[in-house]
Amino acid sequence: MRTPLVAGNWKMNGSRAMAAGLMKDVHAGLSGISGVDVVICPPFVLVPQCFQAADGASIAVGGQNLDTHEPGAFTGEISAEILIDAGCEYVIVGHSERRALYGETDELIAHKTRVAFAKGLTPIICLGETLEEREAGATGEVVTRQLVAVLDEAGPEIFPQAIIAYEPVWAIGTGRTATDGQAQDVHALVREQLAVANSAGAQSTRILYGGSVKPENAAGLFSQPDIDGGLIGGASLKAEDFLGIIRAANS
Ligand code: PEP
């Protein structure tokens, strides 16, 4: 039995005022919902505020990225230690925006996963193919390559604690969602690949779907047997939408 998890990725959005309002509304909206783990990943500077607003309740906080070095002279970077000190339990690694815009390779993402896990953070590891890769029939090959890089570097034993997010790049922020069946097919493949390395862990590992999830399409996606919740971008910036998605995961 896998407890569904819904994580909000605010990306480079938000303000102290927005965080105060959204955390208050999400906090209030969660009363009566007990079967879903909820994580908020705000920009770094809003992490302490969100952590305080969560007030030990059922909302955990995560970073959107981390640097792998030991603390020291790395201007502009954030270590696992700083994230943990600020209240983070989770960290997103390998988001497609980091891969495409900041040149993060499979190897670097695998390294970030290893360091995050070793320092005590739960990594949310993003995998996903571009539109060109999907149209070329390479989806399975791409997500397997991305997953194997993580397994080789961080070890299969990080699962089931570590979390995977399948996010087709063509569905992120585009309004275009994978169909329930398209998403389920890739999730099943990821679980199958994971089972090759860690058969017991694979069954308990949470595999989230991400890519234009909204309250209207969440229930269909989350009803698929291998979809265990979502990584939510745009819809996590509005409390009512985010809560609608959480409710869909709870049902
Ligand atoms: C994301 O950023 O991880 C994401 C899935 O974004 P959106 O929900 O806006 O497509």
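Our subject is the structure that appears above.
What comes next is a walk through the structure. (Residues numbered from 1 in each chain as written. Predicted model: local features only at pLDDT ≥ 70, side-chain atom pairs only at ≥ 80, totals over all residues. Heavy atoms only, no water.)

## Things to note about the overall build of the protein
In step 1: Counting its regular elements, the protein contains eleven helices and eight strands.
In step 2: Since a compact globule built from 251 residues should have a radius of gyration of about 18 Å, the 17 Å found for the protein is in line with a globular shape.
In step 3: If one aligns the C-alpha atoms of the protein with their principal axes, the spans along those axes are about 45 × 45 × 35 Å.
In step 4: Sequence-distant contacts in the protein: of pairs separated by 6 or more residues, those separated by 24 or more amount to 73%.
In step 5: Carbon and sulfur atoms make up 53% of the accessible area of the protein, which totals about 10,800 Å². (Helix = DSSP H or I, 4+ residues; strand = E, 2+ residues; numbered from the N terminus. Rg over C-alpha atoms; globule rule 2.2 N^0.38 Å. Contact = heavy atoms within 4.5 Å. Areas by Shrake-Rupley, 256 points an atom, 1.4 Å probe, with all protein chains shown as cover.)

## Side note on the site of the ligand
In step 1: The environment of the ligand is made up of 14 residues, and the closest members are Lys11, Glu167, Gly173, Ser212 and Gly234.
In step 2: His95 is positioned such that a nitrogen or oxygen atom in its side chain is 2.9 Å from an oxygen atom of the ligand.
In step 3: Here Glu167 contributes a side-chain N or O atom positioned 2.7 Å from an oxygen atom of the ligand.
In step 4: Isolated, the ligand exposes 290 Å² of accessible area, and the fraction of that covered by the protein chains is 96%.
In step 5: Of the residues in the shell around the ligand, the class split is four nonpolar, eight polar and two charged. (Near = heavy atom within 4 Å. Polar contact = N/O pair within 3.5 Å; in protein donor to acceptor, adjacent residues only side chain to side chain. Nonpolar A, V, L, I, M, F, W, Y, C, P; charged D, E, K, R; others polar.)

## Considerations on the nonpolar core
In step 1: Membership of the largest hydrophobic core comes to 65 residues, with the highest contact counts inside it found for Val6, Tyr209, Phe222 and Ile246.
In step 2: With seven residues, helix α11 (residues 239-250) is the largest single contributor of residues to this core.
In step 3: With sequence-adjacent residues up to four places away left out, Tyr209 is seen in contact with Tyr166, Pro168, Ala171, Thr177, Ala178, Ala183, His187, Leu221, Ile227, Gly229, Gly230 and Leu231. (Core = buried A, V, L, I, M, F, W, Y, C linked by side-chain atoms within 4.5 Å. Buried < 20%, exposed > 50% of the residue type's maximum accessible area, 1.4 Å probe, protein only.)

## Here we look at helix α10 (residues 215-222)
In step 1: Listed in full, the buried residues belonging to α10 are Asn217, Ala218, Leu221 and Phe222. Projection of α10 onto a plane perpendicular to its axis shows the buried side chains occupying an angular sector of 130°, all on one side.
In step 2: The inward-facing, buried residues of α10 abut β1 (5-9), α8 (180-197), β7 (207-210), β8 (229-232) and α11. (Arc of directions from axis to C-beta.)

## Quick look at the sheet that holds β7
In step 1: As summarised here, the arrangement of the eight strands in space is β1-β2-β3-β4-β5-β6-β7-β8, forming a closed barrel in which the pairing is parallel. Along the sheet, successive strands turn relative to each other by an average axial angle of 25°, direction set aside.
In step 2: Bridging between β1 and strand β2 (residues 37-41) involves five bridges; their strand directions are parallel. The residue of β2 that forms the bridge with Gly8 is Ile40.
In step 3: Its contacts with the sheet place α11 against β1, β2 and β8, and it is angled at close to 160° to β1. (Pairing = 2+ DSSP bridges. Axes fitted to C-alpha atoms, helices over the stretch in contact; angles between N-to-C directions.)

## Here we look at the pairing of β7
In step 1: Across the two faces of β7 the burial is the same, with Ile207 and Tyr209 and Leu208 and Gly210 all buried.
In step 2: Looking at chain direction, β7 and β8 are connected through two bridges and run parallel. Across the sheet, residue Tyr209 finds its bridge partner in β8, namely Gly230.
In step 3: With α10 bridging β7 and the parallel β8, this β-α-β connection has right-handed handedness. (Right-handed = clockwise from strand over helix to strand, strands pointing away.)

## Focus on α11
In step 1: Helix length check: α11, at twelve residues, gives a terminal C-alpha distance of 16 Å against a target of 16 Å (1.5 Å per residue), a fit within 8%.
In step 2: When we look at burial in α11, the residues that qualify are Ala239, Phe242, Leu243, Gly244, Ile245, Ile246, Ala248 and Ala249.
In step 3: Looking at the packing, one finds that the buried side of α11 touches β1, α1 (16-29), β2, α10 and β8. (Expected span 1.5 Å × (residues − 1).)

## Observations regarding the pattern of salt bridges
In step 1: Across all of its chains, the model carries 14 salt bridges by this definition.
In step 2: Its salt-bridge partner being Glu153, residue Arg114 comes within 2.7 Å of it at the nearest N-O pair. Of the two residues, Arg114 sits in helix α5 (residues 106-119) while Glu153 sits in helix α7 (residues 139-154), which places them 39 residues apart along the sequence.
In step 3: For Glu153, a relative accessible area of 32% translates into the label partly exposed.
In step 4: Taken together, the shared-partner salt bridges in this structure form one network comprising Arg2, Arg191, Asp226 and Asp228. (Salt bridge = Lys/Arg side-chain N within 4 Å of Asp/Glu carboxyl O.)

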